[in-house]
Amino acid sequence: MNKLFITGIGTEIGKTVCSAILTQYFKADYWKPVQSGDLDDTDSHKIESWTENTICLPETHRLQLAASPHQSAKEENITISLDDFQLPETDNNLIVEGAGGLMVPLSDDIFMIDLIEKFDLPVALVVRNYLGCINHTLLSIMALKQRKLKLEYLIFNGAFPPDTERLISSFIKKETRIIHIPEIDQPTKASIKAAAEQLTKTNL
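Residues numbered from 1 in each chain as written. Predicted model: local features only at pLDDT ≥ 70, side-chain atom pairs only at ≥ 80, totals over all residues. Heavy atoms only, no water.

Caption draft 1: Structural view of the environment of Ile9. Turning to its location among the elements, Ile9 is positioned in the loop between β1 (3–8) and α1 (15–26). Given the relative accessible area of 9%, Ile9 is considered buried. Along the chain, Ile9 and Cys133 lie 124 residues apart, while their C-alpha atoms are 7.6 Å from each other. Excluding residues within four positions of it along the chain, Ile9 makes contact with Leu125, Val126, Val127, Arg128, Tyr130, Cys133, His136, Thr137 and Ser140. (Helix = DSSP H or I, 4+ residues; strand = E, 2+ residues; numbered from the N terminus. Buried < 20%, exposed > 50% of the residue type's maximum accessible area, 1.4 Å probe, protein only. Contact = heavy atoms within 4.5 Å.)

Rendered as structure tokens:
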């Protein structure tokens, strides 16, 4: 792993927890290109508190309103452009965490998947079990395939019915690695480290 973009099938499915575990596992730097709301407790703050010795690189956009980035930016008379973003330079591995899912708008005509395409990074797709997750997961996989973006990891975050996991897994390529992350309700440095150590057994 050198650089990896963490995205999800929706919002509030545990991307930041999964990002913390992979950041810890790969001893990577962390970067959140757009932070929309919660500026006193950002995802970068969470990563810093949950992991050991992680460098969190500054966000390109820090927006006040906790909403879709395009709406938050509009409230501040900002128009987000792909030209705003450059991958940070680092000699370490790098975890990049998006906001929400692939089709979260950064502006009226730019979406999170466009940012992934600009960086041409392999993707880790975080999936959580809920009614509708199969539909959302397969649509996300189809969108990545359409853009010819590499799905490096499919992350099952929490417990899944075996049949749900089987069906979703049947739609990914053989080279895509599957990661299982345990349910972590209240992340701590200890629980994140334990989950990262568990991943060593799968030889990512």
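Caption draft 2: Expanded view of the nonpolar core. Within the largest apolar cluster, 64 residues are counted, with the highest numbers of intra-cluster contacts made by Ile21, Leu22 and Ile155. Looking at this core, the element that brings in the most residues is α1, giving seven residues. (Core = buried A, V, L, I, M, F, W, Y, C linked by side-chain atoms within 4.5 Å.)

Caption draft 3: The arrangement of the packing of aromatic side chains in detail. A full pass over the atoms with the stated rule returns three aromatic pairs. On the numbers, 4.8 Å between centres and 85 degrees between planes, the contact of Tyr25 with Phe26 is edge-to-face. Judged on exposure class, the residue Tyr25 and its partner Phe26 are both buried. Taking the centre distance of 5.7 Å and the plane angle of 50 degrees together, the rings of Trp31 and Phe119 count as tilted. Taken together, the residues span a long stretch of sequence, with Trp31 in strand β2 (residues 29–31) and Phe119 in helix α4 (residues 112–119) at a distance of 88 residues. Classification of Phe119 by relative accessible area gives buried; the value is 11%. (Phe/Tyr/Trp six-rings, centres within 6.5 Å; stacked < 30°, edge-to-face > 60°.)

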